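Structural overview
Chain by chain, the residues:
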Amino acid sequence: MKLVLEKRSEHSELMTLMSPVLAIILTVITGAIIFAVQGLNPFSALFVYFIEPITSLWSFEEVLVKAAPLILIGAGLSVCYMANVWNIGAEGQLTMGALAGSFVPIIFSSWQSPLTLVAMLVMGALGGAAFAAIPAFLKNRFNANEILTSLMLVYIAQLILDWVVRGPWRDPQGYNFPQSIAFEGWQLLPILGSGRVHIGIILAIITVIILTVLMNRTLKGFEILVIGNAPRAGRFAGFSRKKIVWFTLLLSGGLAGLAGIGEVAGPSGQLQTAISPGYGFTAIIVAFLGRLNPIGVFFAGIMLAITYIGGEAAQITLGVSDKTAQVFQGVLLFFILACDTLILYRIKMLGSTKQQPVAAE
Amino acid sequence: MGKNISIRGGTAASTEYLLEARGITKMYGDLAANNDVALKIAPGEIHALLGENGAGKSTLVKIIYGSIQPTEGELYWLGEKVHIANPAAARNLGVGMVFQHFSLFEALNVAENIALALPKDIDIKDLSEKISEVSKEYGLPLEPTALVADLSVGERQRIEIVRCLLQEPRLLIMDEPTAVLTPQEADQLFLTLERLASEGCAVLYISHRLDEVKRLCHDATILRMGKVVGHVNPQQETAASLARLMVGADVHAINANREYNPGDTLLKLNNLCQNADGPFGVSLLDINLDVKAGEVVAIAGVAGNGQSELFDAISGERTSSSAATIRIDGRDSGLDNITLRRKNGAGFVPEERLGHGAVPGLSLSENIVLTRHSDDDGLSKSGFLDRESAVAINERITRDYDVRKGKPDPEARSLSGGNLQKFVVGRELDRKPKVLVINQPTWGVDAGAAALIRQAMIDLALSGSAVLVISQDLDEIFEVADRIAVISRGQLSDAYASSELSLEKIGLLMAGEHEKKTTIQDEKVSA
Amino acid sequence: MDATQAIILTIITASTPLLLAAIGELVTERSGVLNLGVEGMMVMGAVCGFAVAYETGSPLLGIIAGVSGGMVMAFFFAFMTQTLATNQVATGLALTLLGLGLSGLIGESYVGLPGVKLGQIDIPLLTSIPFIGAIIFGQDILVYASFALIFGTTYVLFKTRTGLIIRSVGDNHNSAHALGYNVIAVRYACILFGGACSGLAGAYLSLAYTPQWIENMTAGRGWIALALVVFSTWLPKRLAIGAYLFGAVWIMGLYVQALGFGIPSQFLSSLPYLVTIIALVIISGNKTLTRVNTPACIGQSFVPDR
């Protein structure tokens, strides 16, 4: 038995829609097997993981809190990956956004006005974009691989944050804990309703709408598509690859920075050494699960946020390691990529007996 | 399975066929690339395999060489049924193949390239000696330690041939070997092939150059749409009768009769120089050319002599260092990017259809936007796209240029080569460009599409535009061009009226007769 | 043993995991495949190596387990990118994310446990050579293995037919296929070799470098190894030089940190990452140096016509 691929003449519309669904089903089945191996009832464990988080208002609010940064970053990354620009340093851009945005409340700690928040968000986005400008510059000027440079910068950003929080910006009244002063009033994101949901999710939705228009309706979006698909054709069309590298990295970096300041001015309320449970990396999965399409990213962000909350719940109620969620995320990305093959190819099984190939879609 | 048959020489005058293919069928989905094909090749004969692009020639030879497996049918080698599982098995039988798109490795040297096609136990040192020996014997000079990336196309073909000769083949398959050679190099190749045939080696010769086939081949099998439609002795046929068999109808003659009445210069290249882009590129040296309204000027030359670099320089994909080097319709355009040059009335068609002229995964209407986003027909208004207009333009172009497609707006990659080329050419012609620059306009397209494209270029010139055609196909050049210049190693010869230029002269120019010397002579003349 | 010797010894130990992982990736890339999952394969090698050595008490079994862990991960990658023709960049990222998660899960119960340290093998007589004796001939088996791998891969890649085939597949997979080579099989083999080397590098970390299991203990070394391959312009000997230079920077950072000087420790800790970026910039800016040896097909999927 041997698997072989046969090219389709065009991409399959059906598979474009079905691939993420198929991937999620396969991930759930894999999850059930993992739980069964650990001696748990797979059905109740899966329920805790994937269903329970959306059954109570409280936990659904938590899902939205976690989804906001994932959607913000994932939407930016999807535009980036569409252009074949591989920014995998969103976690670092998030960190630098958080730092830059926190500059406002920490340095001007008594400034309280709606403008304070605006200034924080703008600084956050600028900080993330500026940090993403480094790999963009190095790629355009020196042809240095952006995958490696952006990733190295993640480590550097985290060390800078660590230094700042333990050093210059440590709260003098904080009993030596590595954290900044607590933000208050207009230094925090306004809360929607009475729970924990803050306006981050609104920002995420606005971002999704803007990027959808960008990618589908504008010449810029078309440029990104062409440069990502066929760079030579892009040059023939008169589009500049370097400009697209700048644009996509600054955009995705800015959105990651916005997510970063959103975390600090939202759930966290102050600068700490660890401000993100790896949102910048999980957002890579979000981008792919969302088919590199901003609207898809919205649903994918919710989906991945559910696994975060489900993972926490499972840890408490079932005693399952919180690492399981991370494994799920990795497995999910694997399955999405595998299922995406079906968009461009048919998979055929060749029997060892050189019989007629049997088609299996 | 193919056993290692190492008998060689002593070509017993047997009436037995060396290779016989019976009932070969190869299906790709519902499409029969080969349909019940039969082929017989005797030892020592040069057998032509004729057919249009897409007729199934490549499929058939790939089956014989073991690269792909037939859906049905059998192969017989010296009367014995064989299963050729892979190219190594074919080589063991004594089948060698020279590919049209060479199967060479640019980063490896000549000896390594040859070693990869030989049995495992070859020592590289012995091999270098053998290479020198064989290449001397057949007049195919090669340097074993040279890096392939640094070699010309002609030299690369020599590697392929020597690689086959070292295997002491009994059947040599040559896929369009002269497409990349100068006429003189082609003559040299024919001598080599005739000598091989006289030694008993059979040659399966694939070409669409009919005069060549008439001159060289003893026997011809003609394929059309996957089927054998004729088996003839080419020496008793005319080029026209062979063409009719290939195409299945009288070949549409191009109406090229016109008065040569050129107007103003619309495209002027003025001492255009450009450094190579990277270690494997070609530098352009002091290129001068005028193309006037109402004329078609062609640039001939062997592939890889700077054609694509020249195209990039004229189109503005690489901008020049000074504005005056390129003048389009009275405007110094050397510093303009491709979009500005288009706005100034120029249109461009590159050599590669997929990935350069069109984005494979995007629909045709989206591919319209590719070159026309900055035109005045409103495809993009203040940064927003108007997809409806793109669809409308696409409908017009596909209708006017007879682009056949399965659905209204398919992805570019789903079109056949000929149809996509008609689309890519039509997209530019539809803009009525004052200057059209087109690189390899009919490369790999069927005769019908080629005729349509050539006619369209001539009609455009007749309507008062300047047309510059870069092509390797001399037949095409003589069919469409009013004047011809030749490029070799980044240097362009003077342009001669096509009626004044003999095939011999063009061959000498392709081999570089005009390089540098010409410029010195020019100086003398002007002095 | 004097201080210089001690420093050189620590440099070698710090460089060895980078070298092991990078040499495997170099071979993978020479065959035209970009596997960005080095970090994931390495961390799996580390956890598998540690767990098995801890359970059995045998570092040798630990090494075997580390290699196997890396190869299993590599097999996933090979199946995805070669059989299913998935995007290599994305699949490599997925492999890293999966490896980090899975290793965390497997290693959870081993956190804080004392490890089994891989012993040093002193080569008799040679160790007594003054100064260099102790440095070169008093190492553990994996350091010797790394020496052997450098010379071995150089020999195989450039002096044997196997190496010629690997390079040909990386240079032009269509030509290699036309000549009858099984591109996908060659690539499978090279990916698995890369996985084995990464697994070995991980096992080195958890058995020799710091004999314990810490989550994410690879700390970006897999990514640095990837950068080293670019830095080496795909030549094993240059790779060795790069790895040792890199190890030297790493160790110097630690020494400076120990000595104080009032430089915040975070800045010194970020030195290796900064140096990686600088090295990438220097080498990538040089077109002639990179282009000649860069495998032309790197990162491209190959799907043969049938």
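Residues numbered from 1 in each chain as written. Chains lettered and ligands numbered in written order. Predicted model: local features only at pLDDT ≥ 70, side-chain atom pairs only at ≥ 80, totals over all residues.

1. As for unusual backbone geometry
One non-glycine residue with positive phi stands out, namely Asn84(A), at about 65 degrees. Here Asn84(A) shows up in the loop between helix H3 (57–82) and helix H4 (90–107). The phi dihedral of Lys432(B) is positive, around 50 degrees, even though this residue is not glycine. Considering the arrangement of structural elements, one finds Lys432(B) in the loop between helix H13 (417–429) and strand S19 (435–439). The partly exposed category is assigned to Lys432(B), around which 13 C-beta atoms lie within 10 Å. (Helix = DSSP H or I, 4+ residues; strand = E, 2+ residues; numbered from the N terminus. Buried ≥ 20, exposed ≤ 12 C-beta atoms within 10 Å, placed from the backbone.)

2. Remarks on the environment of Gly66(B)
Residues and elements named next belong to chain B. Note on placement: Gly66 falls in the loop between helix H1 (57–64) and strand S4 (72–77). The class of Gly66 is buried, set by 24 C-beta atoms lying within 10 Å. A sequence separation of 331 residues divides Gly66 from Ile397, and the C-alpha atoms of the two residues are 41 Å apart.

3. Some words on the interface of chain C and chain B
Contacts between the two partners involve 17 residues from chain C and, on the opposite side, 20 residues from chain B. Broken down by secondary-structure element, the contributors of at least two residues to the side of chain C that touches chain B are helix H7 (161–171), helix H8 (173–178) and helix H14 (287–293) of chain C. With 5 residues, the top contributor of residues to the side of chain C that touches chain B is H7(C). For the side of chain C that touches chain B, the per-class residue count stands at 5 nonpolar, 5 polar and 7 charged. (Contact = placed C-beta atoms within 7 Å. Nonpolar A, V, L, I, M, F, W, Y, C, P; charged D, E, K, R; others polar.)

4. Here's the deal with the interface of chain C and chain A
At the junction of the two partners, chain C supplies 39 residues and chain A supplies 41 residues. Secondary-structure elements contributing two or more residues to the side of chain C that touches chain A are helix H3 (59–83), helix H4 (88–107), helix H10 (221–231), helix H12 (265–269) and helix H13 (271–284) of chain C. A per-element tally of the side of chain C that touches chain A places H4(C) first, with 12 residues. Along the lines of polarity and charge, the residues of the side of chain C that touches chain A split into 24 nonpolar, 13 polar and 2 charged.

5. Things to note about the sheet that holds S4(B)
All names here are of chain B. Read from one edge of the open sheet, 4 strands run S2-S1-S4-S5, paired in antiparallel fashion. Whereas interior strands pair on both sides, the edge strands pair on one side only; in this sheet they are strand S2 (31–41) and strand S5 (80–82). Going across the sheet, the axis of each strand differs from the next one's by a mean of 30 degrees, ignoring polarity. Strand direction decides the pairing type here: S4 and S5, joined by 3 bridges, are antiparallel. Bridge pairing in S5 places Tyr76 opposite Lys81. Against the sheet, H1 makes contact with strand S1 (19–28), S2 and S4, and its axis sits at roughly 120 degrees relative to S1, the strand it touches most. (Pairing = 2+ DSSP bridges. Axes fitted to C-alpha atoms, helices over the stretch in contact; angles between N-to-C directions.)

6. Here we look at the packing of helix H1 (residues 13–37) of chain A against helix H2 (residues 42–51) of chain A
All names here are of chain A. Their axes nearest at 9 Å, the elements H1 and H2 cross at an angle of 120 degrees. Of the possible angle classes, the one that applies to H1 and H2 is oblique. Seen from above, H1 lies across H2 with right-handed handedness. Between H1 and H2, the residues in contact are Val28, Gly31, Ala32, Phe35 and Ala36 and Pro42, Ala45, Leu46 and Tyr49, respectively. (Parallel < 35°, antiparallel > 145°, perpendicular 65-115°, else oblique. Left-handed = near helix turned anticlockwise from the far one by under 90°.)

7. Topic: the sheet that holds strand S10 (residues 227–232) of chain B
Residues and elements named next belong to chain B. Reading across from one edge, S6-S7-S8-S3-S9-S10 is the order of the 6 strands in this open sheet, with mixed pairing throughout. Across the chains shown, the open sheet's two edge strands, defined by having one partner strand only, are strand S6 (95–98) and S10. Direction aside, the axes of adjacent strands within the sheet are offset by 20 degrees on average. Pairing between strand S3 (residues 46–50) and strand S9 (residues 219–224): 4 bridges, direction parallel. Considered in S9, the bridge of Leu49 is made with Thr221. H1 contacts S3, S6, strand S7 (171–175), strand S8 (202–206) and S9 of the sheet and is inclined by roughly 150 degrees relative to S7. Sheet strands touched by helix H8 (residues 239–247): S3, S9 and S10. Its angle to S9, the strand with the most contacts, is close to 35 degrees.

8. Some points on the pairing of S1(B)
All names here are of chain B. By the bridge criterion, 7 bridges tie S1 to S2 in an arrangement that is antiparallel. The residue bridging Glu20 from the neighbouring strand is Lys40, located in S2. Hairpin geometry of S1 and S2 is characterised by an intervening segment of 2 residues between the two adjacent antiparallel strands and by a positive phi of about 60 degrees at Gly29. Relative to S4, S1 runs antiparallel, the two being bridged by 5 bridges. By the bridge assignment for S4, Ala21 is matched with Leu75.

9. Remarks on H1(A)
Residues and elements named next belong to chain A. For H1, built from 25 residues, the straight-helix expectation of 36 Å at 1.5 Å per residue is met to within 8% by its first-to-last C-alpha distance of 37 Å. Of all the bends found along H1, the most pronounced is centred on Ser19 and spans about 35 degrees, while Pro20, a proline, follows it within four residues. Every buried residue of H1 is accounted for by Ser19, Pro20, Ala23, Thr27, Gly31 and Phe35. Tucked into the core, H1 has its buried residues touching H2, helix H11 (279–289) and helix H13 (323–344). One or two steps after H1, the chain reaches Gly39, where phi turns positive at roughly 85 degrees. (Expected span 1.5 Å × (residues − 1). Bend = angle between axes of the 7 residues up to and from the residue.)

10. Here's the deal with the environment of Ala325(A)
Residue and element names in this part refer to chain A. Inspection of the secondary structure puts Ala325 in helix H13. Given 25 C-beta atoms within a 10 Å radius, Ala325 is considered buried. In this structure the C-alpha to C-alpha distance between Ala325 and Asn145, which are 180 residues apart in sequence, comes to 30 Å. Apart from the residues within four sequence positions on either side, Ala325 is in contact with Thr307, Tyr308, Gly310 and Gly311.

11. Some points on the packing of helix H1 (residues 3–30) of chain C against helix H6 (residues 141–159) of chain C
Residue and element names in this part refer to chain C. Their axes nearest at 9 Å, the elements H1 and H6 cross at an angle of 25 degrees. Judged by the inter-axis angle, H1 sits roughly parallel to H6. Crossing of H1 over H6 shows left-handed handedness. Contact residues: H1 offers Ile12, Thr16, Leu19, Leu20, Ile23, Leu26, Val27 and Arg30, while H6 offers Leu142, Val143, Ser146, Leu149, Ile150, Thr153 and Leu157. Of the residues belonging to the contact of H1 with H6, the class tally is 11 nonpolar, 3 polar and 1 charged.

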